[in-house]
Amino acid sequence: MRFPQFNPRRLQARIVVVYLGMLLVVQAISYWFIQDSLSRNARATIHTELISGEKVFKRLLSQKTDNLEQATRVLALDYGFRAAVASGDQATIESALINHGERIHAHVAIFTDAQFHLKASATPINTASMVKAVQAYAQQDNHTSHSAHQIEVIDGQPFQIVAVPIKAPQIIGWVGMGFKVTDQLLKDLKDLSQLDVALMMQQPQGNWVVSASTMSPKQSDNLTRAWPPAEATAGQDLAIHVSQEEYSVVPMALPSSHGPSPVVALLMESVARATEPYKQLKLNLLILSGVGVIVFAIGSVVTAKRITTPLRVLSTSARRLEHGDYGARVHVASKDEIGELAQSFETMRQAIQAREGEIRRLAYQDALTDLPNREQFRTDLRHAILRAREEGVPCTILLMDLDRFKHVNDVLGHRFGDRLLRAVAERLRLEALDPEDVLARLSGDEFAILLPGTSPHAASLLAKRILQTFERPFVLDDHTVDLSSGIGVACSPEHGLDVDVVMSRAEMAMYAAKQTQSGCVTYHPGLDSASEDSLTLISELRTAIDREELRLYLQPKINLKTGKVVGAEALVRWQHPVRGMVPPMRFIPFAEQTGFIRLITLWMVEQVAIHCALLHSQGLDLKISVNLSTRDLMDQDLPAKIDRILSQHSTVSDKLVMEITESAIMDDPQRALQTLNKLHEMGLKLSIDDFGTGYSSLAYLKRLPVDELKIDRSFVMNMESDIQDAKIVHSTIDLAHNLGLSVVAEGIENAEALHMLASLNCDEAQGYFIAKPMPCEHFPAWVEQWSLPDAQHEGQGSEFAALT
C-alpha cells in the first residue's frame, strides 16, 4: 500500500493521528496496569515465599537444635563420663569432651557443675561467655520440648548453643556444646526455599557485618553497606539494593541469652529473579501492542482514505462548480452517510445547473418578449463589429424608443402595457425584419435592431419601413392604440469600433429624432457637440447653488376685480459666469432627470421665504407661488423640509402657494396625494398648474386638496381669436368656482384678453401684458408704480360677447 505524504493539516492525517493516539494511550494505560499488576503479584509472591522461608528457617534451626541435643545427650548419658564426673576425674572429663565434640563436630565443649561453675573445657575460648550461654539455655522454660534454639556470639563468631544436664539421679552438672553457624546451614535453607540468606552480626561499635551468606563475597560487601535500610512502607516488605539489584527482605532476629539479639538472619528474594518469569509475558505484550499499532495504523489509513477520498471528490466537484463547470457528474460509490452527502451534492449540482441555465437565460433574454436583452445585444454587436472589421463590411444598429407609451401604461395599466410591448416585438419580427436581423429589447419601451452587413442608407430605409408599420394602430382588448417612435441609426466602422461608442451614438441619434419629430436620424458628428454641451451643463449645474449663480425672478399676479397686485410666481434663472443668463428650458429638464431639481426647489422655497418676510416688512402682504416637480412630490420628507425653512425665516405658511402640474400627479397619484395632504395640513396653498393639458384631471381634481386652478397659457393666448379656447376658459372658470376654487389665468399678452378674463369672472391673471418676470429686488418698486391699464375700449364680437 502506498501511504500519502503526511500533512498534519489534512483530514486523513488527523484521522490517523487521532486513532493511533487513542490506541497508544489505551495501550500505554493497559501496559501500565498490567505492569503494575505483575509487579504486585510478584511482590505478593515474594512476600509469601519470604514468610514460608522464615518458617522453614525456624524449623530448620529447631531440627538442628534437637539433633545437636541428642548428640550431646549421648555424652551426658555415657556411664564412664558420669563416673568421671562423680569422681572428679578432670583429665577423663576433658578427654571425653574433646573426643565427643570432635565426633559431633562441635566447636566448643564445656562442663559445669549444677551451679554453672566451669569444671572442664575442651577448647581455649572465652569460657565465661559460653558458661552464660549454657546457663541461659538451661533456664529456658521450654527446652524440654526440643524446639528452642539459641544463637550466641562468642569471640566475634555466632554459635548455636545446646546444653544437656547430667543426672545421678539429680542434676550434678551440665554439658554445653557450641556449634559455629556456617554457610552450610544457610545453603541448606536456600536449597529448600530458593531464598538467599545472610547472617548479620552487630559489632560493638554498632555497625553490622555479614558473618555468613549464600551470596557472593561482592554481594555480601554491598549488603554490609546497605543494612539496615530505611523503614518499609506499611503493608510492604523491606527493600534493599545489593549490587544495583533490588531485594525484598524479611529480617529474623535469632534468640540470644541477653538483651536484643546481635545476630539477625536476613531472608532475601531478588525482585528481578521473582519477576523474571513475567519478562517474556511483558515482551509478548509489547510485541502484541506493536503489531496492534501497525495493524491499527494500516486500518486507520485505509479508513481515513475511504472517508477522505469521497470528500476529495466532493471538494473537486465544488471547485468545478465554483468555476462554473456544472456538467461533471458527482459520483461516489458509497452507501453510507458520505454516499448520501454525495447524492445531495449531485442533486445540488443539478439544481444549480438548472438555475444557472435559467439565470443565463434571464441574464441574456428579456423575460417579457423573449427577445435578447441589452447584455446579449451588446455581445452580438461586439461579434458583429469584429466580423465587420475582418470582412471589411459594415454593420448597423437601430435604436428606437416608443412615443406616448408611458401614458398608455399609466392609463390602461401595466398588464396592458406588457401586452402592447409583446405586440410591438411581434409586428417588428413579422412585418419589418429579415430572419438574420437581431431584434432586442433594451429596457422599458426601448428596442434595438442589429443589421449585420448593412449600410447606413439601407438601415434608414428599414427604419422608414418600421415607421410605416407603426402607422397602423394596435388593437388589444377593444382598445385602439396609436404608437410612433424615434429611431437612431449608427454604423460600424464608420461611427465607431467599440460597442459602447456605437450604441451611445445611436442613442444620440434616437433622442435627436424624438426631439425633432423627424422619425429617423442617422448619427453625425454634429450631435456630439450638443451632447457634450449638455453633459457639461449638467456638471456645472451641480455647483450652481454653492457658487450662488442662481437668481430668483418674480412675475406679478393681479386681482382682475380690483386691479391690485396680490402675488407673484417665483421663477429661477441661472446667471452662468461664462454662458451668461441660461434660460430655464436649458437646465430644468436636466435637473429633473438627475434629481437635482429637489435642491433647486428647496433653494427657491428659502429665497421666497426670505423675500416674503422682506415684502411684509415693506407693507406688501403678497402670496408667492413656487413650482413643484414630479420628483418633489415623490419626496415624502418635502413637507418637513419646507416647514423647517418657514420656521427659520418666520414666514407665515399661507403666503406660500405650491404649484403642481397634472402630469406630476399622474406619475404616482397615491404618493403625490400623500405629499399634497401634508402640505395642505401645514397651511400652504396648493394650485393646479397648466390645468386642462393633463389627463384624468377631473377624476383627481375632486380628491386633491387644492385651492386654485391655473389655466394653461395655450388656451388664454388665443382666446380672443378662437371661440373654442374662449369656451374652454369660460367652462374652466365656472367649474373651478363651482368647486370653491379660485382661478388664475397665465399668458395674458394684450388688453383684450385681460378684459375678457375679467368679464368671465376670472380671479387673477399674469402674463407679459402685465409684467415680464423680473429680478426679485426690482419687484417692490414695480408694485409701487403699478396701475391697471384701461381696456374698456376694446371691442368684442357678438359671439364672444355672448360668453360674458
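Reading the values: rules and limits
- Sequence order as written defines residue numbering, which begins from 1 separately in each chain.
- Where local features are concerned, this predicted model is filtered to residues with pLDDT of at least 70; where side-chain atom pairs are given and counted, the filter is 80 or more; whole-chain, interface and lining totals use all residues.
- Hydrogens and water molecules were not included; the side-chain quantities draw on all heavy atoms of the structure.
- Secondary structure elements follow DSSP: runs of H or I of four or more residues count as helices, runs of E of two or more count as strands, with numbering from the N terminus.
- Buried means the residue's accessible area, taken with a 1.4 Å probe over protein chains only, is under 20% of the maximum for its type, while exposed means over 50%, and partly exposed covers the values in between.
- The protein chains shown are the only cover counted for residues, whose accessible areas, like all others here, come from Shrake-Rupley with a 1.4 Å probe.
- Only the contacting stretch of a helix is used when fitting its axis, a line to C-alpha atoms as for every element, and angles between N-to-C directions run 0 to 180 degrees.
- Here roughly perpendicular refers to angles of 65 to 115 degrees, roughly parallel to angles under 35, roughly antiparallel to angles over 145, and oblique to all remaining angles.
- Handedness of a helix crossing follows the sense of rotation of the near helix relative to the far helix, less than a right angle counterclockwise being left-handed and clockwise being right-handed.
- Here a residue-residue contact requires only that any non-hydrogen atoms of the pair lie within 4.5 Å.
- Nonpolar residues are Ala, Val, Leu, Ile, Met, Phe, Trp, Tyr, Cys and Pro. Charged residues are Asp, Glu, Lys and Arg, and all others, Gly as well, are polar.
- A strand pair is defined by DSSP finding two or more bridges across the two strands.
- For a helix, the expected span equals 1.5 Å multiplied by the residue count minus one.
- Working note: the arc is built from the helix axis to C-beta atom directions.
- Each nonpolar core is a collection of buried residues, namely Ala, Val, Leu, Ile, Met, Phe, Trp, Tyr and Cys, held together in the definition by side-chain atoms within 4.5 Å.
- Any Lys or Arg side-chain nitrogen found within 4 Å of a carboxyl oxygen on Asp or Glu counts as a salt bridge.
- Note on ring pairs: Phe, Tyr and Trp rings are taken, using the six-membered ring of Trp, and paired if centres are within 6.5 Å. Classes follow the plane angle, with under 30 degrees stacked, over 60 edge-to-face and the rest tilted.
- In our convention, an over-ring charge means Lys NZ or Arg CZ found within 6 Å of a ring centre and within 35 degrees of that ring's normal.
- Only four residue types enter the charge count: Lys and Arg as positive, Asp and Glu as negative, with His and the chain ends excluded.

An account of the overall build of the protein is requested, with residue identities and associated values reported.
Counting its secondary structure elements, the protein contains 26 helices and 27 strands. With 804 residues in all, the protein has 45% of them scored as buried. Carbon and sulfur atoms provide 53% of the accessible area of the protein, an area that totals close to 41,200 Å².

I'd like to hear about the packing of helix 18 (residues 638-648) against helix 20 (residues 669-681), residue by residue, with values.
Here helix 18 crosses helix 20 at 25°, and the two axes come no closer than 9 Å. If you check the angle between helix 18 and helix 20, you find them roughly parallel. The way helix 18 lies across helix 20 gives a crossing that is right-handed. Residues Leu638, Pro639 and Ile642 of helix 18 form the contact with helix 20, whose own contacting residues are Thr675, Lys678 and Leu679. Along the lines of polarity and charge, the residues of the contact of helix 18 with helix 20 split into four nonpolar, one polar and one charged.

I'd like a rundown of the pairing of strand 1 (residues 108-113), residues and numbers included.
Taken across its six residues, strand 1 has six buried, putting it largely inside the fold. Here strand 1 shows no split at all, with Val108, Ile110 and Thr112 on one side and Ala109, Phe111 and Asp113 on the other all buried. Bridge count between strand 1 and strand 2 (residues 118-121): three bridges; the pairing is antiparallel. Across the sheet, residue Phe111 finds its bridge partner in strand 2, namely Ala120. Connecting the antiparallel pair strand 1 and strand 2 is a turn made up of four residues, with Phe116 showing a positive phi of about 65°.

Give me helix 3 (residues 90-103): which residues, what numbers.
With 14 residues, helix 3 extends 20 Å between its outermost C-alpha atoms, agreeing within 8% with the 20 Å of an ideal straight helix rising 1.5 Å per residue. For helix 3, every residue scored as buried is listed here: Ile93, Ala96, Leu97, His100 and Gly101. Seen end-on, helix 3 carries its buried residues on one side only, within an arc spanning 120°. Summarising the geometry of helix 3, the exposed residues directed more than 90 degrees from the buried face are Ala91, Glu102 and Arg103. In the segment just after helix 3, His105 is the residue with positive phi, at about 60°.

Break down unusual backbone geometry for me, with residues and values.
The omega angle of the peptide bond from Ser492 to Pro493 is 15°, so this bond is cis rather than trans. One can find Pro493 in the loop between strand 16 (484-492) and helix 13 (499-516). A positive phi angle, near 60°, is found at His105, a position not held by glycine. Relative to the elements of secondary structure, His105 occurs in the loop between helix 3 and strand 1. With a phi angle near 65°, Phe116 is a residue other than glycine that sits in the positive phi range. Secondary-structure assignment places Phe116 in the loop between strand 1 and strand 2.

Quick rundown of the nonpolar core? Include the residues and the values.
Counting 84 residues, the largest nonpolar core has Leu633, Ile642, Leu656, Met658, Ile688, Leu757 and Phe779 as its most contacted members. Setting aside its immediate chain neighbours within four residues, Ile688 contacts Ile660, Glu662, Ile665, Leu701, Leu704, Val706, Glu708, Leu709 and Lys710. Counting 35 residues, the second-largest nonpolar core is a separate cluster that includes Ala71, Leu97, Met130 and Val131.

Describe the pattern of salt bridges, naming the residues involved and giving the relevant values.
By the definition in use, this model includes 18 salt bridges. The shortest N-O distance in the salt bridge between Lys119 and Asp113 comes to 3.8 Å. Look at Lys119 and you get partly exposed, because its relative accessible area is 40%. Judged by relative accessible area, Asp113 falls into the buried class, the value being 12%.

Can you explain the sheet that holds strand 17 (residues 520-522)? Please cite residues and give values.
Overall, mixed pairing links the five strands, which are arranged 12-13-11-16-17 in an open sheet. The open sheet has two edge strands with one neighbour each: strand 12 (438-443) and strand 17. The average undirected angle you get between the axes of adjacent strands in this sheet is 20°. Here nine bridges tie strand 11 (residues 395-403) to strand 16, and the two strands are oriented antiparallel to one another. Each residue of the ladder has a partner; that of Asp403, found in strand 16, is Ser484.

Any chance you could break down the side chain of Thr675 for me, citing the residues and the numbers?
Relative to the elements of secondary structure, Thr675 occurs in helix 20. For Thr675, a relative accessible area of 1% corresponds to the buried category. Among all residues touching Thr675, those that are not within four sequence positions of it are Leu633, Asp635, Gln636, Leu638 and Pro639.

Describe the sheet that holds strand 6 (residues 196-202), listing the residues and the values that go with them.
Pairing between sheet strands relies on hydrogen bonds along the backbone, with the strands arranged either parallel or antiparallel. Pairing in this open sheet of five strands is antiparallel, and the strands run 7-6-10-9-8 from one edge to the other. Two strands bound the open sheet, and with one partner strand each, they are strand 7 (208-213) and strand 8 (238-242). Ignoring which end each strand starts from, the neighbouring axes of this sheet average 40° apart. Relative to strand 7, strand 6 is paired through five bridges, and the arrangement is antiparallel. Directly across from Ala198, in strand 7, lies its bridge partner Ser213.

Describe the packing of aromatic side chains, naming the residues involved and giving the relevant values.
Within the structure shown, the criterion is met by seven aromatic pairs. Geometrically, the ring pair formed by Trp782 and Trp786 is stacked, given 5.2 Å between the ring centres and 25° between the ring planes. Like Trp782, the residue Trp786 is buried in the burial classification. Here the aromatic residues Phe779, Trp782 and Trp786 are joined through ring pairs into a cluster of three or more. The ring of Tyr553 carries Arg573 above its face, with NZ or CZ at 5.4 Å from the centroid.

Outline the side chain of Asp725, supporting the account with residue identities and numerical values.
Turning to its location among the elements, Asp725 is positioned in helix 23 (residues 723-738). We note that Asp725 is buried and unpaired, the nearest opposite charge coming from Lys727 at a distance of 11 Å. Ignoring anything within four residues of it in the chain, the contact list for Asp725 reads Ser714, Phe715, Asn718 and Met719.

Summarise the packing of helix 16 (residues 597-617) against helix 18; cite the residues concerned and give the values.
Taken N-terminus to C-terminus, the directions of helix 16 and helix 18 make an angle of 30°; their axes are 9 Å apart at the nearest point. Our classification of the angle between helix 16 and helix 18 gives roughly parallel. As for the relative orientation of helix 16 and helix 18, their crossing is right-handed in sense. Residues Leu602, Val605, Glu606 and Ala609 of helix 16 lie in contact with helix 18, whose contacting residues are Leu638, Lys641, Ile642, Ile645, Leu646 and Gln648. Across the contact of helix 16 with helix 18, the residue classes tally to seven nonpolar, one polar and two charged.

Run through the pairing of strand 24 (residues 708-711), naming residues and quoting values.
Every second residue of strand 24 is oriented toward a common face, with Glu708 and Lys710 on one face and Leu709 and Ile711 on the other, all of them buried. Where strand 23 (residues 685-691) lies against strand 24, three bridges are found, and the strand directions are parallel. Within strand 24, the position partnered with Ser687 by the bridge is Glu708. Alignment of strand 24 against strand 25 (residues 742-746), held across four bridges, turns out to be parallel. In the sheet register, Lys710 faces strand 25, and the bridge partner there is Val744.

By themselves these figures say nothing about function.
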